[in-house]
Amino acid sequence: METERGRAWVPWLVTALVTVLAGLVLYLSHRSTTAADAAAAASATRASDAEAAKQLLETKLAALETERAKLTTEKDQLNTEKAQLSQTVQEQEAELARLKATYEDLQDKMKKEIAEGAVRLTQNEGRIQVDLVDKVLFDSGDASISARGQEVLTRLGGVLSKVDDKRIQVSGHTDDSPPSQKLQATFPTNWELSVARAVNVVRFLQDKGGVPAKRMLAAGYGDTRPLGANASPQGRARNRRIELLLIPELAARRNPSIAKAAPAKPAPAKPVLVKKVRANK
């Protein structure tokens, strides 16, 4: 009887064990799936974080490359500016050396007239100015160059013809007394007289002095730029003059208007050499 009872619960025990084992298998399977999912999620997160970090690094690298390119460009610009500055300094030093040589040559060639006070040399801001009183070049009231004037301009042209790095502005100036009645048919005002004198000096320097015409400019200012008071004979004598201004070619290139001078009032379009006319001027 007891044996039959023992045999009766065996199937139940087997069923229970199978159920427990099935549950255990299901639990373990579920647990394994959950762990795999968590690991996969963690792996995906790490991959996403790594990609974000990579993109951030790439952005920083691109910014650094841009900054490096900018700095390289600025460095190249600075090197270019440094080279240009060095070249400019060298050109200026060479220009000053040529200017000094020209000034000393003019002093030597014009020393007689300088000693007499008929010629005055000045040097300022890279320019040389030669002032010649009118009586050195012209007879009174005349625009034609006198014999003495030709001799002076020949010596002056000997210096200027060797100067190939400067532009030469020749300007005529008068005192404020109008041309005499005898001269007014040829020179209605001091404008015409000052222009004619400047043009004749330019033409003589070109024809007899060998100075290239392209380097010279003639201008007439009449009595508008006096050096002295016209109330005194000494002041009037200073005002009647021819000025030659030597402007360095480098300065003229940097500022083209520096060598452009025009009279404040229109002058004759084609001043010509005139015959000698005596007057009290």
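Residues numbered from 1 in each chain as written. Predicted model: local features only at pLDDT ≥ 70, side-chain atom pairs only at ≥ 80, totals over all residues. Heavy atoms only, no water.

Caption draft 1: Representation of the overall build of the protein chain. Summing up its helical and strand segments, the protein chain has seven helices and five strands in all. Ordering the α and β elements of the protein chain from the N terminus gives α-α-β-β-α-α-β-α-β-α-β-α. Within the protein chain, counting contacts between residues at least 6 apart in sequence, those at least 24 apart form 74% of the total. Total accessible area on the protein chain is roughly 17,600 Å²; 57% of this is exposed by carbon and sulfur atoms. (Helix = DSSP H or I, 4+ residues; strand = E, 2+ residues; numbered from the N terminus. Contact = heavy atoms within 4.5 Å. Areas by Shrake-Rupley, 256 points an atom, 1.4 Å probe, with all protein chains shown as cover.)

Caption draft 2: Structural detail: the packing of helix α4 (residues 147-160) against helix α5 (residues 190-207). The N-to-C vectors of α4 and α5 enclose an angle of 60°; their axes lie 9 Å apart at closest approach. Classified by the angle their axes make, α4 and α5 are oblique. Where α4 crosses over α5, the handedness of that crossing is right-handed. On α5, the residues that touch Q150, L153, T154, G157 and L160 of α4 are V201, F204 and L205. (Axes fitted to C-alpha atoms, helices over the stretch in contact; angles between N-to-C directions. Parallel < 35°, antiparallel > 145°, perpendicular 65-115°, else oblique. Left-handed = near helix turned anticlockwise from the far one by under 90°.)

Caption draft 3: Highlighting the environment of A198. With respect to the helices, strands and loops of the structure, A198 is situated in helix α5. The spatial distance from the C-alpha of A198 to the C-alpha of A218 is 5.5 Å, given a sequence separation of 20 residues.

Caption draft 4: Structural detail: the layout of surface pockets. Considering only enclosed or pocket space, the largest pocket measures out at about 210 Å³ in volume. Counting residues per element, the ones that place at least two in the lining of the largest pocket are β1 (119-124), β2 (127-133), α3 (134-137) and α6 (233-239). Looking at which element gives the most residues to the lining of the largest pocket, the answer is α6, with three residues. Across the lining of the largest pocket, the residue classes break down as five nonpolar, two polar and seven charged. (1 Å grid on protein atoms, 1.4 Å probe; cavity = no way out; pocket = protein on both sides within 12 Å on 5 of 7 lines; lining within 4 Å. Points joined across faces, edges and corners; volume = space filled by probe spheres on them. Nonpolar A, V, L, I, M, F, W, Y, C, P; charged D, E, K, R; others polar.)

Caption draft 5: Molecular detail of the nonpolar core. The biggest cluster of nonpolar side chains holds 31 residues, and the ones touching the most others in it are L137 and L244. Secondary-structure elements contributing two or more residues to this core are α1 (2-109), β1, β2, α3, α4, β3 (166-173), α5 and β5 (241-248). With residues near it in sequence (within four places) discarded, L137 still touches L132, S144, I145, S146, G149, V152, L153, V201 and I242. (Core = buried A, V, L, I, M, F, W, Y, C linked by side-chain atoms within 4.5 Å. Buried < 20%, exposed > 50% of the residue type's maximum accessible area, 1.4 Å probe, protein only.)

Caption draft 6: Broad picture of the pairing of strand β4 (residues 216-220). Sheet topology note: the β3/β4 ladder contains five bridges and is parallel. Within β4, the residue paired with G172 across the bridge is G220. Handedness of the crossover joining β3 and β4 through α5 is recorded here as right-handed. (Pairing = 2+ DSSP bridges. Right-handed = clockwise from strand over helix to strand, strands pointing away.)

Caption draft 7: Region of the structure containing α5. End to end, α5 covers 25 Å across 18 residues, agreeing with the expected 26 Å (1.5 Å per residue, within 8%). Across the 18 residues of α5, 15 count as buried, placing the element largely inside the fold. With a side-chain oxygen lying 3.2 Å from the backbone nitrogen of W191, the N-terminal cap of α5 falls on T189. (Expected span 1.5 Å × (residues − 1). Polar contact = N/O pair within 3.5 Å; in protein donor to acceptor, adjacent residues only side chain to side chain.)

Caption draft 8: Expanded view of the pattern of salt bridges. In this structure the tally under the stated criterion is 17 salt bridges. Its salt-bridge partner being D105, residue K109 comes within 2.8 Å of it at the nearest N-O pair. Here the residue K109 and the residue D105 both occupy positions in helix α1, the gap between them amounting to four residues, near one helical turn. Accessibility expressed as a relative area gives 32% for K109, which makes it partly exposed. The salt bridge partner of R155 is E151, with a shortest N-O separation of 2.6 Å. With R155 and E151 both in helix α4, this residue pair falls four residues apart, about one helical turn. (Salt bridge = Lys/Arg side-chain N within 4 Å of Asp/Glu carboxyl O.)

Caption draft 9: View of unusual backbone geometry. Unlike most non-glycine residues, E125 shows phi in positive territory, near 50°. Here E125 shows up in the loop between β1 and β2.

Caption draft 10: Local environment of the sheet that holds β3. Sheet architecture is open: five strands sit in the order β1-β2-β5-β3-β4, paired in mixed fashion. Of all the strands in the sheet, just β1 and β4 have a single pairing partner and so form its edges. Averaged over all adjacent pairs, the angle separating strand axes in this sheet is 15°, with direction ignored. Here α5 sits on the sheet in contact with β3, β4 and β5, set at roughly 160° to β4.

Caption draft 11: Main features of α4. With 14 residues, α4 extends 20 Å between its outermost C-alpha atoms, agreeing within 8% with the 20 Å of an ideal straight helix rising 1.5 Å per residue. Of all the residues in α4, the buried ones are G149, V152, L153, L156, G157, V159 and L160. For α4, the angular spread of the buried residues around the axis is 150°, confining them to a single face. (Arc of directions from axis to C-beta.)

Everything listed here is a matter of geometry and, on its own, says nothing about what the molecule does.
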